[in-house]
Amino acid sequence: MAAILPPAMLGILGGGQLGSMFTVAAKTMGYRVTVLDPDASAPAARFADVHLCAPYNDPDALKTLGETCSAVTTEFENVNAEAMRALAERTRVSPSGDCVAIAQDRIVEKGWINKAGLPTAPYLAIESVEEIQVDLTPYLPGILKTARLGYDGKGQVRVQTADEARAAYADLGGQACVLEKMLDLQLEVSAIVTRTSPAQVAVFPVAENLHTGGILDVSIVPARIAPELAAQAQDMAKKLAEALDYVGVLAVEFFVLADDTLVVNEIAPRPHNSGHYTLDACLTDQFQQQVRAMCDLLPGRTDLLSPAVMVNLLGDSWREDGGEPNWAVLAEAPNVHLHLYGKQQARTGRKMGHYTVLSASADAALEQAEALKDTL
Ligand code: ADP
Ligand code: MG
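Definitions and cut-offs
- Residue indices follow the written sequence of each chain, beginning from 1 at its first position.
- To read the labels, note that chains go from A and ligands from 1, taken in the order they are written.
- Local features in this predicted model are restricted to residues whose pLDDT is 70 or higher, and side-chain atom pairs enter the listing and the counts only when it is 80 or higher, whereas totals over whole chains, interfaces and linings include all residues.
- Heavy atoms throughout the structure, all of them, feed into the side-chain values; hydrogens and water do not.
- To qualify as a helix, a DSSP run of H or I must reach at least 4 residues; to qualify as a strand, a run of E must reach at least 2; elements of each kind are numbered from the N terminus.
- Atoms counted for the radius of gyration: C-alpha only. Globule rule: 2.2 Å times residue count to the power 0.38.
- Remark: exposure states derive from per-residue accessible area (1.4 Å probe, protein chains only) relative to the maximum for the residue type, with buried under 20%, exposed over 50%, and partly exposed in between.
- Only four residue types enter the charge count, namely Lys and Arg as positive and Asp and Glu as negative; His and the chain termini do not.
- To locate a charge, take NZ of a lysine, CZ of an arginine, CG of an aspartate or CD of a glutamate.
- Note on pairing: DSSP must find at least two bridges between two strands before they are called paired.
- We call two residues contacting when some pair of their heavy atoms lies within 4.5 Å.
- Under this scheme, a helix contributes an axis fitted over its contacting stretch, all axes are lines through C-alpha atoms, and angles between N-to-C directions fall in the 0 to 180 degree range.

## Topic: the overall build of the chain
Working step 1: Along its length, the chain carries 11 helices and 18 strands.
Working step 2: Against the globule reference of 21 Å for 376 residues, the chain gives a C-alpha radius of gyration of 20 Å, in line with a compact fold.
Working step 3: Taken over the C-alpha atoms alone, the chain extends approximately 60 × 50 × 45 Å along its principal axes.
Working step 4: Each of the 376 residues in the chain was classed as buried or not, and the buried ones make up 54%.
Working step 5: If you average the places of the 29 positive and of the 47 negative side-chain charges in the chain, the two averages end up 5 Å apart.

## Notes on the sheet that holds strand β3 (residues 50–52)
Working step 1: Pairing in this open sheet of 5 strands is parallel, and the strands run β3-β2-β1-β4-β5 from one edge to the other. Bordering the open sheet on either side are β3 and β5 (92–93), each of which pairs with just one other strand.
Working step 2: The sheet contact formed by strand β1 (residues 9–13) and strand β4 (residues 71–74) spans 4 bridges and is parallel. Across the sheet, residue G11 finds its bridge partner in β4, namely V72.
Working step 3: Sheet contacts for helix α1 (residues 17–28): β1, β2 (32–36) and β4; angle to β2, the most-contacted strand, approximately 165 degrees.

Below is the structure:
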């Protein structure tokens, strides 16, 4: 396929922070960008050439995307996969609607992960009430997760007993779920892979991820695991991209168990919060990779230029009266990069921005990042 070159118009479904950082990357590389997002104040609208302010499945908006864009991508998995397949008849779409559909459904997703020869936590797929009437002991204590539309720990219930699991399933309204065994995690890591064709694959350095209340809080790079284990996570991410015949940026979340083995948790068919460090610490960042993949350019080099720690800024850090955090603290730290997404309203749990601390070692960066958290 011929490469798509600037100043071609690129399209993206979704204009949140991921769409916004994609737009900046594409514009910087000389492309033009059209964003589809129903929110008039979507972060990406600050930078896009064209903002189609309409629902994601709006036929006219999709037609415009298809007719005016040389290639289209997405910033999130919960778009209509069918709309993406239809769009693919008019223009180049990556990742494919099929891959997005896989990542939309935990049952389908886990099936694919296992089919690629990679381990998941023991799980039970529950698509109807009969399917939860079996012996649940292999999955207990466990987490019941809705198959669809869960994120940042939403749609999840921790259960100790079979009775609790069945009650929780009923509470979730009997929608399709997975019951997953609660594993004893040593830590969590992620690997983000960019693939355009079998010969063109690049993986970023592995990030170690700390969550608070089900939401990513901190990413530490390089992850504090053995280099062989990090290499294994990168290989597994590549293997998964291969199995899916994936084109684009694919994030793979892993659990590291107590015995130093890796289990795949979930995938995201897009750049990932745990890859934001690449903006400041890698030769190519994950949004440039998204542009490169959709335009059929070779993936950029993923070398780590400096150990880095990324800290998410949630709405919780804003004062109740809407007052801003104490940014002066960051202004005085020359090795810290602040990224704010331009969201108008700071709500609890809402991702408002992040900062990345670059230092000689991950430990030094982490220490400084934690100290900054307390003074913001
Ligand atoms: P989300 O889509 O909300 O990110 P995840 O499946 O990644 O959902 O779960 C969120 C977090 O909950 C994980 O990052 C991990 O900390 C914890 N978690 C999820 N599943 C398990 C499990 N099987 N065992 C232990 N912890 C888990
Ligand atoms: Mg997750």
